[in-house]
Structure formats: C-alpha cells, structure tokens
Amino acid sequence: MSDHITEIIIFTFLFLLVSGMGFVASRWRRPKDMAHLDEWGLGGRSFGGWITWFLVGGDLYTAYTFVAVPALIFGAGAAGFFAVPYTVIIYPLFFLILIRLWSVSHRHGFVTPADFVRSRFDSPTLALVIAITGIVATMPYIALQLIGIEAVLKTMGVTGESAFARHLPIIIAFAILAAYTYQSGLRAPALIAFVKDTLIYIVILVAVLWLPYKLGGWGAIFDAADAKFQASPSPNDGILLNANNQVQYFTLALGSALALFLYPHSITGVLASKNRDVIKRNMSALPAYSFLLGLIALLGYMAIAAGVKPLPGASPGSVDNNTVVPLLFDQQFPAWFTGVAFAAIGIGALVPAAIMSIAAANLFTRNIYKEYLRKDATHAQEANVAKITSLVVKVGAVACIVFLDPQFSIDLQLIGGVIILQTAPAVVIGLYTRWLHRGALMAGWAAGMGLGFWMLWQIPNAATGRKHFGGSAFPLSEFGFDTQKTIYVGFVTVLVNLLVAALVTLVLRAAKTPEGTDHTAPDDYLADEGDPRIERHRDETAVETPSST
Amino acid sequence: MAEPDRPRTDKSPWNWLLLIPIVVPLLTFLYNHDEPRIAGFPTFYWLQFAFILLGVGTTTLVYQMTRRSRR
C-alpha cells in the first residue's frame, strides 16, 4: 500500500473536493421551492447548453464504460470497438425521436417515460410495466459503477482481508454520494460533471499523446495487439472483425444505441434541459465524447503493447481485465498523474450513479407510489418519496457488490440492456403513433422478455467456462441456421416484440377491445420553452378515466 | 410562436439526411480492413473515428436547416 501513497492522497483529495461540491449544489441555481419533483429530480427543467453537455456526457459515458470498453479491446480486440459506431448512431436517433419526448413531457409535466406511456395509451398498468422494467434495468447498472471504482482501488492496493474491509472504501464513497444526492438532487451530478469530465479529457489527451510516443508509435501498438491475437487460440479475437462476428458487431451497436436512449437515466438527463434548441445543439456537440471513448478504447491495445498483466479476479485462476487501464497508468505515469487519472475514474462513477438512482427514484415515485399507493400525494410528498427511494436504490447497489459475485452484476447488466429494449415499441413508436394497442404492447413486451431470457440462458462463455449468460452474441445455429455467425440478443427480441405487438393489435382491433383515450395532442410533441404547460394534468385525467387495461 | 392558422410541424426533408450517420457506421464491409493505414491506424479504426465527424456534420447541417427562425 505504501508504494501507492501519493496516488491515494490525490485520489482522496479530489474525491472529497467533489463531495463538497455535491452538497453545495443544492444552493446552485437555487429554486424558490425545492420540495417539488421537477426541482429535485429534473433540476428545475432549466439546464442550458453547457450544463446539458456535461451532464448528459457524464451520464452516458460512465466509469464502467471507461474501464470495461478498453478491457474488452484488451481481451477480444476489434469486437470491443462497437462502442464507437454505437455512440455515433445514437445522436441522430436522439435528434429525431427523443426531442418529441422532451416536448410532450414539457407540456404535460411528465418526469419519466412511463408517465408519457400512461397518458398516451391511457394505461397505468402498461406504465407500471415500463417503470418496473426501467428500475430493474437500472439497478445493476448502478452496481457496475462500483466495479469501476473497485478496479482503481484494487490497483492502488486498497484491499483488505475480509470482504467487509475490502468493500469499506466503496461503502463510504457511496454513503457520501447518497447523502448529497438526497440533499441536492439532479443539481449535484450536474455540478460534479464539470470536474469529472474536465479531469477525464485532460487525462486521456495526455495519455494518447504520451503513450504512443513511449511505446513506439500507433503502428507498433496495433502490431503488438495483432501479434497477441494471432498467438491466442480463440478464433474470435483480432484487430479486425472476422466473417462470423460482423452481424453481431452492427446489431450490438444498433441495439445498444436504442437501449441507451431508453434507459431512464439518459431520459432524465435530456428532460432536464430547458428547450428543444439546447438538445438539438447538444446532439452536434456530444460526439466529442465518442471521440474520447474511441481513444479510451484504444488504451486496451496500449496495455497490450506495454505488456500489462491484469490482476487476479474474484475467483481463483481468473484474471480481472477491468484492471488493465488502471495498471497501465500505474506503470507508465508518475504517481501524481496516476492519482489524477484514478480520481477521474472514481468521480466518473459518481455522476452516472447519482443520475441513475434519481431516475429510478422518479420512476418509483411517479408510476408506483403516486399511481398505486397514494393517489393524492402532493408535490412535496412526491419529492420526499423520491429522495428516500434514491437512498434505498444505492443501498441495494452496494449490497449487490458486497454480497454477490461482481460477475452477477455484469450478467444482470447484460440482461438489463436486453430488457430495456422491450420498452421501445411503447415509448419510441408511441411518440409517433398510437396505432399499437395497449394490450398488444404488453403482449409484445412479454414475448420479448421471455425470448430474451431464453436466448441469454443458451449462450455459453468458453473463456470463463460458464454455461449460461456468457454474453450477448447469440449463435444463429441455435435457430437452425447452418452458420457460425452470431447476432445481438436485444436486436432479435425487439423485432419479435414488435411483430407480436402488431399481430395482437390486429386481433384486439377485430375484437373491438377498448383502446382508452389519448391524453396528448399532436401539437404537444412540438411544444417548446415558453409554450403554456398543462398543470395538474394527473388529477384531471384521474377523474376523467378511472378505467385501465 | 405557432401561428394558429398554420400548425407547426417537425417534418422536413432535411431529416432524411440523418439516416446517413445511422446507417453508414453499421456497414462493417466499409471499414473492416487493415490497409490503408493512416498514422499507424488501420482503416478499421481511423474510418470509424471519421464517422464521428460525419455524424457531427450531418446533425449540425440538419439543425441549421430546420431551425424554426429560418422558416
């Protein structure tokens, strides 16, 4: 531990600095009345261009991404680079689709995507399904942020004999995070994101300029990686894709892009911006992060060229590839700079973890508590319930890491990406048309979920010797095709979901099943800052239509 | 902002351009090559980095062309 003392001091100092900022954030852009979910959970829906850029950037590109993507490149090569096309195609999608969600939410005061679904399809039950799917998909994602911090702590030698001692730093970090999120809501991650991203940009730019110089140039780095993959027995690694994983590559990029914008935390970040222009301009500016992510991914190859050997994993005999980037910094840079880099990763975990817990809390409050437990809840009660829920969510995430094998969280996150995609027909297509029947959307969701679990269950992982949940690349031969090609599970399941939803819609239409009333108007999807807002919308509809599906 | 006699719309032929940065990065046959290299980067890597610029360029163009104040 003593060889890492400079790193630990710098890490701790920067960590405490941003924690202080987290508490001060409650006074930043202080509202008249904080006891309202719009204030705590969406920062007053008032964020301009710069804040949105840092907030959404800090939200989408998480600490886990920064650790896991280069780990994937280190282990498998080109297949891990899907993160770049994935974060290219997401912005035009946001630009076209999510902007409509912002408008309708602005007009109606929606806080969550499930709020929108409830009004659009007149179905609290469908909204409940969407909300629970969102919460379940988000929880392991929060737990994964802890794995990012843990990789850093492990490299600094902060480990203990017992499980409790080993996890103590993480428990403390999350307790602080929970306290300032409780106090400041979405303002805390918005303010901290400035520090986090500035640190990450500096660290990565220095690293990608300095390391190739030290390691003999980019050509040598790619050649070293190529040599490693040529020597490995696995057929699916290499610095290029092979004939069998190209379908997986593009379906994973497309599926992940769709999944990312359905995740409650991305929607929370977008809904917090103040007008349509802020979002549209950000879609041109946010790809700066994709560039950064591409460079970070290549750190995996630099680790190969530098001869980094990953630290042992949780189970005997395994290695923890997540430690390669922290180890690379530890080996190649002076201790103070490594400390800054580690702090960037550590703080990088806090921003998305805070936003995710707020998003999950918003879902619980609006679509479970207010819908089923206390219909007449005031704005102050809503805000209060959300604050407490955000605490519960974080305790759950820490418990996942402390008591369960971290691999379990990784599996759950894999499943999470597939299940969040099952909300696409209701949320995305719902933004354009109400043609799909609310009952059919539920049927499609159920079909997609069932198929998704079955497919993930079928996938073994040769590298870790596991029989189930070994990855998201489904061999097409399982469907009876005579091929070695693989495809992303989420992509198949969302197609099946849509197909079932469309067929059941036709059946329900023919049977004249009631469709409920659409509480949104076409112009709502184009509303902008300054347009009149429909206040107390919930209470009116509750009186008008007590029915549900 | 909206004139009552003419309903506003977000439809615009310019939006079709956004399909380019959605579709092109998915076409693996375009970039799954080693040569030609640029500054040591195999085509697979530099071309996908270039797609980021393609995305930025397209969204910026569509944004400028569809701003409400322009109509």
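Residues numbered from 1 in each chain as written. Chains lettered and ligands numbered in written order. Predicted model: local features only at pLDDT ≥ 70, side-chain atom pairs only at ≥ 80, totals over all residues. Heavy atoms only, no water.

1. Remarks on the overall build of chain A
No. 1: If you tally the helices and strands in chain A, you get 22 helices and two strands.
No. 2: The C-alpha atoms of chain A give 23 Å as radius of gyration, which agrees with the globular expectation for 549 residues (24 Å, within 12%).
No. 3: Taken along the three principal axes of its C-alpha coordinates, chain A extends 70 × 60 × 45 Å.
No. 4: Relative to its full complement of 549 residues, chain A shows a buried share of 61%.
No. 5: For chain A, the share of sequence-separated contacts (at least 6 apart) that also reach a separation of at least 24 residues comes to 83%.
No. 6: For chain A, the centre of its 36 positive side-chain charges and the centre of its 35 negative side-chain charges are spaced 4 Å apart. (Helix = DSSP H or I, 4+ residues; strand = E, 2+ residues; numbered from the N terminus. Rg over C-alpha atoms; globule rule 2.2 N^0.38 Å. Buried < 20%, exposed > 50% of the residue type's maximum accessible area, 1.4 Å probe, protein only. Contact = heavy atoms within 4.5 Å. Lys, Arg positive; Asp, Glu negative; His and termini not counted. Charge placed at Lys NZ, Arg CZ, Asp CG, Glu CD.)

2. Quick word on the pattern of salt bridges
All names here are of chain A.
No. 1: Throughout the structure, instances matching the rule amount to 16 salt bridges over all chains.
No. 2: The partner of Glu 382 in a salt bridge is Arg 366, with the nearest N and O atoms 3.3 Å apart. Within this pair, whereas Glu 382 is found in helix H17 (residues 379–403), its partner Arg 366 is found in helix H16 (residues 335–373), the two being separated by 16 residues in sequence.
No. 3: Overall, the relative accessible area of 2% leaves Glu 382 in the buried class.
No. 4: Three or more residues are tied together by salt bridges with common partners; here these are Arg 107, Asp 523, Asp 524 and Asp 531. (Salt bridge = Lys/Arg side-chain N within 4 Å of Asp/Glu carboxyl O.)

3. Some thoughts on the interface of chain B and chain A
No. 1: Chain B puts 35 residues into the contact, and the matching count from chain A is 43 residues.
No. 2: Taking both sides of the interface into account, the surface hidden between chain B and chain A amounts to around 3,400 Å²; carbon and sulfur atoms contribute 68%.
No. 3: Per-residue buried area on chain B facing chain A is highest for Arg 8, Tyr 45 and Tyr 63 of chain B; these three make up 19% of the total on that side.
No. 4: Across the contact surface, chain B and chain A share one salt bridge.
No. 5: A salt bridge links Asp 223 of chain A to Arg 37 of chain B; the nearest nitrogen and oxygen atoms lie 3.3 Å apart.
No. 6: For the interface between chain B and chain A, the tally reads eight residue pairs in polar contact (both at pLDDT 80 or more).
No. 7: If one sorts the elements of the side of chain B that touches chain A by residue count, helix H3 (residues 43–66) of chain B sits on top with 12 residues.
No. 8: For the side of chain B that touches chain A, the per-class residue count stands at 19 nonpolar, 10 polar and six charged. (Buried area = accessible area lost by both parts, 1.4 Å probe. Polar contact = N/O pair within 3.5 Å; in protein donor to acceptor, adjacent residues only side chain to side chain. Nonpolar A, V, L, I, M, F, W, Y, C, P; charged D, E, K, R; others polar.)

4. Looking at H16 of chain A
Residue and element names in this part refer to chain A.
No. 1: Here H16 spans 53 Å end to end across 39 residues, near enough to the 57 Å set by a 1.5 Å rise per residue.
No. 2: Considering bend angle alone, the principal kink of H16 is centred on Thr 365 and spans about 35°.
No. 3: Where burial is concerned, most of H16 is hidden: 34 out of the 39 residues are buried. (Expected span 1.5 Å × (residues − 1). Bend = angle between axes of the 7 residues up to and from the residue.)

5. Remarks on a nonpolar patch on the surface
No. 1: The grouping of Ile 202, Val 206, Trp 210 and Tyr 213 of chain A at the surface amounts to a nonpolar patch, some 420 Å² of accessible area in total.
No. 2: By relative accessible area, which is 47% here, Ile 202 of chain A ends up partly exposed. (Patch = residues over 30% accessible without salt bridge, like charges linked within 9 Å, V, L, I, M, F, W, Y side chains within 5 Å. Areas by Shrake-Rupley, 256 points an atom, 1.4 Å probe, with all protein chains shown as cover.)

6. Some points on the packing of aromatic side chains
Residue and element names in this part refer to chain A.
No. 1: Counted by the stated rule, this structure contains 39 aromatic pairs over all chains.
No. 2: Each ring, one from Phe 116 and one from Tyr 525, has its centre 6.2 Å from the other, and the planes form 85°; the classification is edge-to-face. Separated by 409 residues along the polypeptide, Phe 116 in helix H6 (residues 113–121) and Tyr 525 in the loop between helix H21 (489–510) and helix H22 (537–544) bring together distant segments of the chain.
No. 3: Given the relative accessible area of 2%, Tyr 525 is considered buried. (Phe/Tyr/Trp six-rings, centres within 6.5 Å; stacked < 30°, edge-to-face > 60°.)

7. Examining the confidence of the model for chain B
No. 1: With 85% of its residues at a pLDDT of at least 70, chain B reaches an overall mean of 82.
No. 2: Within chain B, H3 of chain B carries the highest mean pLDDT (91), whereas helix H2 (residues 28–31) of chain B carries the lowest (87). (pLDDT = per-residue confidence, 0-100.)

8. Details of the nonpolar core
No. 1: Core analysis: the largest hydrophobic core is formed by 198 residues, its most contacted members being Phe 81, Leu 299, Tyr 301 and Phe 329 of chain A together with Tyr 45 of chain B.
No. 2: If one sorts the elements of this core by residue count, H16 of chain A sits on top with 20 residues.
No. 3: Those residues in contact with Tyr 301 of chain A that lie beyond four places of it in its chain are Ile 73, Gly 77, Ala 78, Ile 221, Phe 222, Ala 225, Phe 229, Gly 238 and Ile 239 of chain A together with Tyr 45 of chain B. (Core = buried A, V, L, I, M, F, W, Y, C linked by side-chain atoms within 4.5 Å.)

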